[in-house]
Amino acid sequence: MAKPEKHVFVCTQNRPPDHPKGSCHARGGKSLAEAFAEEFESRSLWGQFKLNTSSCLGFCEEGPAVLVYPHGTMYGKVKTEDVVRIIETHLIGDEPIDELKVSADLWE
Ligand code: FES
């Protein structure tokens, strides 16, 4: 398998509704992962980039969380409307999007 240029992890962790941390699943993580997959498919990006769902990335209150390597960029409160921008600007354009990142205090 060829090494991908970038690897995207979308948290889809689920927890019981009364859990104090909540979960990315409850905040739309599954729909977000599906939106990434649809864009990867329509743009034929599967060989160039890799996409995986993941369990908790440690930013539950900031979810849905998306982590992109090799930059190690942690995005928080990502919406399906942000997917095209992340793909075009970060994955293809190689420019992480500052305004979608979690606070620098949280992810140094
Ligand atoms: S549940 Fe997604 S970061 Fe914790």
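Structure first, text after, so check above.
This section reports on the structure supplied with the text. Note that the structure is predicted; figures quoted are calculated from it, not measured.

## Points about the environment of Glu88
Argument step 1. With respect to the helices and strands, Glu88 occurs in helix H2 (residues 83-92).
Argument step 2. A tally of 13 C-beta atoms within 10 Å means that Glu88 is categorised as partly exposed.
Argument step 3. Spatially, the C-alpha atoms of Glu88 and Arg43 are 11 Å apart, while their sequence positions differ by 45 residues.

## Some words on helix H1 (residues 29-42)
Argument step 1. Its 14 residues give H1 an end-to-end C-alpha distance of 20 Å, which sits within 8% of 20 Å, the value for a rise of 1.5 Å per residue.
Argument step 2. For H1, the complete set of buried residues consists of Gly29, Leu32, Ala33, Ala35, Phe36 and Phe40. Buried residues of H1 fall within an arc of 160° about the axis and therefore sit on the same side. Exposed residues on H1 whose side chains face more than 90 degrees from its buried face are Glu38, Glu41 and Ser42.
Argument step 3. Residues of H1 that are buried sit in contact with strand S1 (6-11), strand S2 (49-54) and H2.

## Focus on the packing of H1 against H2
Argument step 1. Between H1 and H2, the shortest axis-to-axis distance is 9 Å and the interhelical angle comes to 50°. Relative to H2, the element H1 lies oblique. Relative to H2, H1 is oriented so that their crossing is right-handed. Facing Ala35, Phe36 and Glu39 of H1, the residues of H2 in contact are Val83, Val84 and Ile87.
Argument step 2. In the contact of H1 with H2, the residues fall into five nonpolar, no polar and one charged.

Reading guide: rules and limits
Residues numbered from 1 in each chain as written. Predicted model: local features only at pLDDT ≥ 70, side-chain atom pairs only at ≥ 80, totals over all residues. Helix = DSSP H or I, 4+ residues; strand = E, 2+ residues; numbered from the N terminus. Buried ≥ 20, exposed ≤ 12 C-beta atoms within 10 Å, placed from the backbone. Expected span 1.5 Å × (residues − 1). Arc of directions from axis to C-beta. Contact = placed C-beta atoms within 7 Å. Axes fitted to C-alpha atoms, helices over the stretch in contact; angles between N-to-C directions. Parallel < 35°, antiparallel > 145°, perpendicular 65-115°, else oblique. Left-handed = near helix turned anticlockwise from the far one by under 90°. Nonpolar A, V, L, I, M, F, W, Y, C, P; charged D, E, K, R; others polar.

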